[in-house]
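Single-letter residue listing:
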Amino acid sequence: MKDITKLTVAQALSGLKKKEFSATELTEAYIDNIEQNTKVNAFVTKSFEIAKQQASEADKRYASGNSLPLDGIPLGIKDLFCTKNIRTTACSKILGEFIPPYESTVTNNLLQDGAVFLGKLNMDEFAMGGSNETSCFGPVVNPWSKDKDLVPGGSSGGSAAAVSAHLCAASTGTDTGGSIREPAAFCGCTGIKPTYGRCSRYGIIAFASSLDQAGPIAQDVRDCAVLLKSMAGFDAKDSTSYDTPVPDYESFLEQDINGMVVGIPKEYRLDGMNKEIVAYWDKAAEILKSGGAKVKEISLPHTKYALAAYYVLAPAEASSNLARYDGIRFGNRKNGNSLDELYINTRTEGFGNEVKRRIMIGTYVLSAGYYDAYYLKAQKVRRLIHDDFMNAFKECDVILTPTSPITAFPIGDEKMLQNPINMYLNDVFTVSVNLAGLPALSLPIGLSAEGLPYGMQIIGKPFDEQTIFKAAYKLEQDTGFERI
Amino acid sequence: MAIDNQTVKKVAFLSRLRVEDEKIESAKDEFNKILQWIDELNELNTDNVEPLISVNEQTLRLREDEITAGNNKDEILQNAPMEEFDYFAVPKVVE
């Protein structure tokens, strides 16, 4: 029999329905892969016994003819989602052996649809990072690495690497400034950050609440459509969740893109930009044109300020969200002679350097005397960036850009470690989308001369993920990207 | 706006984090690099711009004022680093 772990979610569902293999066989095949391929370091907690139980229940439903939409599909879950009775750490020492007594809404939706959970996936600590190097469980190795070990991107690095190395059929990720799209691009996967409010944030450990969104990372566009349908939907437990129906995304994939207007933002053509990525960008526009789309130059004039605004707003929200880690009610505690000393000992030992840096920046920009100059200013710039997109969408249906200006870089790269800003600059094409709350998908477009994947990003109007899927599917069909 | 060692110490305390004395200088430099970069926002005139706090344009929903969860003391205390008599225990606060 051919390797069933290489199947996409859609192919695996079809095989399960035709009884070509059972959910138990599929789950055990992934468990074998995980146990054999430990170098990737994608799984930080394994829940194999629970997975086998879930698979056996899925098999019973297949036998009785009452299967669910994702019945028996083995998934990996980013360690930022609270999973009932399965250790959840956000890859931070401060959470210790935290076992959530409840299930996040997104993972609960997946379980209700019959998914099997193989375990929890590595990530940057509290989702703060772009290379998965800030995890307290150590870095993830990109399965595309050649002679040197490369980063998988971040923060959902384990999620992308696990899908790419066939350690799970698909995974969940979260995206605050590019944390689904960048690792998907670096690992040759497809991932979508839906519109803010599309997926419930209940039970997802908060980083920057006005920017965080959950979404899937998978092998292809169809799998993202299938998974997002299951993950999304209104939830009374999240006051920012939208009460609007979730379309059947998969039904849009093969629809004609004739007449669709694709915007190319001129401000994204950076000075001295890598020629390979420019060539792939042009190629992607040509493919969409060949399907009948019109390609048009658009302007997003405040693009230049997006990163600076993001690196005020995200740390500000993070400093407030992370105040809850005080060693009192959960997680690790380091005692002290006073309550303040207990807080300081707990937090100084529990948080890693990048998280501390962001908490301090966030605390500073929110502190008396600086609030207006930094925080309020950044919120005003956020309005300008949001309005840029709304104006652009008066003349186009989707926006096409590269996902990242670079491909995966080596673990421990000097330049990235020397100055945190060098790492932040990798988010140049992704953060604006979070500031504006828009949906955006990244899919692989081709390889660099060194054989590393590049990602292309398609940005859509609010709650118009279906148009993104249409364009992405056409692009995928004509790109013929070969996965590993 | 550049910050000094004193401000680094103050921000660290507000964050309930400790920065060791020998690391204050490098923390200050790093802080200032980031702040200098963020300062480019001041190139923009935002005088008549309304701040954007959330992209969510819905008005907050109301619901019936009724109990939706509760009676789960054991679950709440299950992750406590230290508990006594069904309470979270902390060091003595009142002298």
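How each quantity is defined
Think of each chain on its own: its residues are numbered from 1, step by step along the sequence as written. The lettering of chains begins at A and the numbering of ligands begins at 1, in the order of writing. It should be noted that, the model being predicted, local features are given only for residues of pLDDT at least 70 and side-chain atom pairs only at 80 or more, the latter also being counted only at that level, while totals for whole chains, interfaces and linings use all residues. The way it works is that DSSP assigns letters per residue, a run of H or I at least four long becomes a helix, a run of E at least two long becomes a strand, and they are numbered from the N terminus. For the radius of gyration, the atoms used are the C-alpha atoms, and the globule rule reads 2.2 Å times the number of residues raised to 0.38. For the exposure call, what matters is how many other C-beta atoms sit within 10 Å of a residue's own: 20 or more marks it buried, 12 or fewer exposed, and in between partly exposed, using C-beta atoms placed from the backbone. Remark: residues whose backbone-derived C-beta atoms lie within 7 Å of one another are considered to be in contact. In this description, strands pair whenever DSSP reports at least two bridges between them. Lines fitted to the C-alpha atoms define the axes, with helices restricted to the stretch that makes contact. Angles between their N-to-C directions range from 0 to 180 degrees. Asp, Glu, Lys and Arg are counted as charged, while Ala, Val, Leu, Ile, Met, Phe, Trp, Tyr, Cys and Pro are counted as nonpolar; the rest, among them Gly, fall into the polar class. Those domain boundaries reflect an automatic or database domain assignment. We call a crossover right-handed when, viewed with the strands running away from us, the connection from the first strand over the helix to the second turns clockwise. Every angle not falling under 35 degrees, over 145, or within 65 to 115 is termed oblique; those three ranges are roughly parallel, roughly antiparallel and roughly perpendicular.

A. Inspection of the overall build of chain A at higher detail. Check the secondary structure of chain A and you find 16 helices and 11 strands. Over its C-alpha trace chain A gives a radius of gyration of 21 Å, about what one expects of a compact globule, namely 23 Å for 484 residues. Seen through its principal axes, chain A has C-alpha atoms that stretch 65 × 55 × 50 Å. Counting over 484 residues, chain A shows a buried share of 60%. Once local pairs closer than 6 in sequence are excluded, the contacts in chain A between residues at least 24 apart make up 77%.

B. The arrangement of the sheet that holds strand S2 (residues 74-78) of chain A in detail. Residue and element names in this part refer to chain A. Strands sit in the order S1-S3-S2-S4-S6-S5-S10-S11-S9-S7-S8 across an open sheet of 11 strands; the sheet is mixed. Two strands lie at the open edges of the sheet, namely strand S1 (43-46) and strand S8 (294-298), each paired on one side alone. Neighbour-to-neighbour, the strand axes of the sheet open up by a mean angle of 30°, direction not taken into account. Strand contacts of helix H5 (residues 157-164): S2, strand S3 (116-121), strand S4 (170-175) and strand S6 (213-218), with the helix running at about 155° to S4, the strand carrying the most contacts.

C. Local environment of unusual backbone geometry. The step from Gly154(A) to Ser155(A) runs through a cis peptide bond, and the omega angle for that step is 10°. Mapping Ser155(A) onto the fold places it in the loop between S3 and H5. The phi angle at Arg16(B) is positive, at roughly 50°, despite the residue not being glycine. Mapping Arg16(B) onto the fold places it in the loop between helix H1 (5-14) and helix H2 (24-38).

D. Here's a closer look at the interface of chain A and chain B. Between chain A and chain B, the residue contacts involve 53 residues of the former and 36 residues of the latter. If you list the elements that add at least two residues to the side of chain A that touches chain B, you get helix H9 (306-321), helix H10 (339-350), helix H11 (353-366), helix H12 (371-392) and helix H14 (420-424) of chain A. With 11 residues, the top contributor of residues to the side of chain A that touches chain B is H12(A). Among the residues making up the side of chain A that touches chain B, the classes are represented as 28 nonpolar, 17 polar and 8 charged.

E. Seen up close, the domain arrangement of chain A. Residue and element names in this part refer to chain A. When its domains are assigned, chain A resolves into domain 1 (4-256 + 475-479) and domain 2 (304-379). Taking the mean C-alpha position of each, domain 1 and domain 2 sit 28 Å from one another. Contact residues are listed per partner, giving 20 residues for domain 1 and 17 residues for domain 2. Grouping the constituent residues of the side of domain 1 that touches domain 2 by class yields 10 nonpolar, 8 polar and 2 charged.

F. Spotlight on the pairing of S2(A). Residues and elements named next belong to chain A. Counting buried positions over the 5 residues of S2 gives 5, a clear majority of the element. Sheet topology note: the S2/S3 ladder contains 5 bridges and is parallel. When the bridges of S3 are listed, Gly76 appears paired with Gly119. Traced from S2 through helix H4 (residues 105-112) to S3, the parallel crossover comes out right-handed. Looking at chain direction, S2 and S4 are connected through 2 bridges and run parallel. Paired with Leu75 across the bridge in S4 is Ala170.

G. Layout of the packing of helix H2 (residues 23-36) of chain A against helix H3 (residues 48-64) of chain A. Residue and element names in this part refer to chain A. Contact geometry for H2 and H3: axes closest at 7 Å, N-to-C directions at 155°. It follows from the interaxial angle that H2 and H3 lie roughly antiparallel. Between H2, through Ala23, Thr24, Thr27 and Ile31, and H3, the contact on the second element is made entirely by Phe48, Ala51, Lys52, Ala55, Ser56, Ala58, Asp59 and Tyr62.

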